[in-house]
Amino acid sequence: EHDYSRVLVSIIDITDRNLADRALRESEKRYRDLVENISEVYFVCDDHGLVVYCSPNFFSETGYALKDIVGQPFLRLIAPEDRARVIKFYRARTLDETLDTTCEFRGRHKDGRLTWVEQSTRIIRDPFGKVREFRNVVRNITDRKHAQGELISREKRFRALIEESSEMIALVDREGILRYTGPSVTKVLGYTPEELIGRNTFGLIHRFDLNSIKAMLEEILKEPSKTGNAEIRIRHKNGSWCWIEGVGKNLLDEPAVNAVVVNLRDITDRRVAEEMLRQLPIRIINAQETERRRVARDLHDSVNQIL
């Protein structure tokens, strides 16, 4: 005990610990490589919203160097007009114990430019449920937002064209069931779209025109994009018959349509005018005959008597 002639040695096997440490380091390297090379921006905020870590591509996407943003409020990266909404959103997610959430807002570049971003967040909590940090992945969705805006604008334009058109546009399935019709159906046939959607259109067609329209539908169903046209009589809501000119196109193979598209035009006035023109020669002949009989009667009753 005084000259250290003997030393007691205790040996502990730490192979498993070393293997675990090595696996942890390799795993950490893999995830670090992943975070540092993904196209999206990755950053971490503490429970007060201060940035504590950013991926290296943070500067190229936002213009902020790491020294400019680490330790600063995350709100600096949000457009001023969207800050109140984003704060309200994350406060609500913090209180309702959400784990993963997504929010869209306009991000503010250091030079003042605004870009639409989608931020996916995992909220990390301690065993007592208190928020420890927010781990965020941010991707630029400006192009998608612009495309969505253009799509909405185009949809509004086409919807306006359909709803304000004097012609009816309808979608019919292969059994003749009406799946869609524009508001102009009310002006033409007196029905509201809700009264017709789901009904079989054959029930509105004059019995003398029914076979021809069924034959036309069968014909255009044989081939995609094939068209057919017909002039038929359809019953108005008030019980009268309207002459309708219709053109149908088979778009059942188009996923966005999946129906036969039918354009209908009211031609009742034209048919009445055509009928009047067809009867005009007969009326002229009848008028001539009537006039001849009147003249003959006048000659017989007056001139002949005078002579």
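Structure shown above.
All of these numbers come straight from a predicted model, not from anything done at the bench. (Residues numbered from 1 in each chain as written. Predicted model: local features only at pLDDT ≥ 70, side-chain atom pairs only at ≥ 80, totals over all residues. Heavy atoms only, no water.)

> For this particular structure, what's the right way to read the nonpolar core?
Where a protein is soluble and globular, its nonpolar side chains tend to be buried together. Core analysis: the biggest nonpolar cluster contains 26 residues, and Leu189, Ile205, Ile213 and Ile234 have the highest contact counts within it. Among the secondary structure elements, those contributing two or more residues to this core are strand 6 (168-172), helix 6 (184-189), helix 8 (207-220), strand 8 (227-235), strand 9 (241-251) and strand 10 (259-266). Take this core: its biggest share by element is five residues, from helix 8. If near-sequence neighbours (up to four positions away) are discounted, Ile213 is found in contact with Phe202, Ile205, Ala230 and Ile232. Formed by 20 residues, the second largest nonpolar core is a distinct cluster that contains Val41, Tyr90, Val117 and Val131. (Core = buried A, V, L, I, M, F, W, Y, C linked by side-chain atoms within 4.5 Å. Buried < 20%, exposed > 50% of the residue type's maximum accessible area, 1.4 Å probe, protein only. Helix = DSSP H or I, 4+ residues; strand = E, 2+ residues; numbered from the N terminus. Contact = heavy atoms within 4.5 Å.)

> Explain the pattern of salt bridges to me, please; I cannot follow it from the model alone.
Opposite charge on two side chains permits pairing when their charged atoms draw close. The final tally for this structure, using the stated rule, is 23 salt bridges. Measuring nitrogen to oxygen at the nearest pair gives 3.1 Å for the salt bridge that ties Asp96 to Arg93. Across the pair Arg292 and Glu289 runs a salt bridge, and its minimum N-O distance is 3.0 Å. In this pair, Arg292 and Glu289 are both assigned in helix 9 (residues 268-306), three residues apart and thus about one turn of the helix distant. (Salt bridge = Lys/Arg side-chain N within 4 Å of Asp/Glu carboxyl O.)

> What is the right way to read the pairing of strand 7 (residues 178-181) from this model?
In the case of a regular strand, side chains alternate between the two sheet surfaces. Note that strand 6 and strand 7 share three bridges and pair antiparallel. By the bridge assignment, Val172 is partnered in strand 7 with Leu178. (Pairing = 2+ DSSP bridges.)

> Could you clarify how one ought to interpret the sheet that holds strand 4 (residues 114-125) in this entry?
Spatially, five strands are ordered 2-1-5-4-3 in an open sheet, and the strand pairing comes out antiparallel. In this open sheet, the two strands that pair with only one neighbour each are strand 2 (51-54) and strand 3 (100-108). Taken pair by pair, the neighbouring strands of this sheet meet at an average axis angle of 25°, ignoring direction. Of the pairings in the sheet, the one linking strand 4 to strand 5 (residues 131-140) comprises nine bridges and is antiparallel in character. Paired with Ser120 across the strands is Val137, a residue of strand 5. Across the sheet, helix 4 (residues 83-95) lies against strand 3, strand 4 and strand 5, angled at about 165° from strand 3, the strand it touches most. (Axes fitted to C-alpha atoms, helices over the stretch in contact; angles between N-to-C directions.)

> Which parts of the structure should I look at to understand the packing of aromatic side chains?
Working definition: an aromatic ring pair is given by the centre-to-centre distance plus the angle between the planes. In the structure shown here, the tally under the stated rule is six aromatic pairs. On the numbers, 5.4 Å between centres and 25° between planes, the contact of Phe43 with Phe74 is stacked. Of this pair, Phe43 sits in strand 1 (residues 41-46) while Phe74 sits in the loop between helix 3 (66-69) and helix 4, placing them 31 residues apart in sequence. Per residue, the accessibility class of Phe43 equals that of Phe74, and both read buried. Counting every residue linked through ring pairs, the aromatic cluster contains Phe43, Phe58, Phe74 and Phe105. Over the ring of Phe202 we find Lys214, and its NZ or CZ is 5.4 Å from the ring centre. (Phe/Tyr/Trp six-rings, centres within 6.5 Å; stacked < 30°, edge-to-face > 60°. Lys NZ or Arg CZ within 6 Å of the ring centre and 35° of its normal.)

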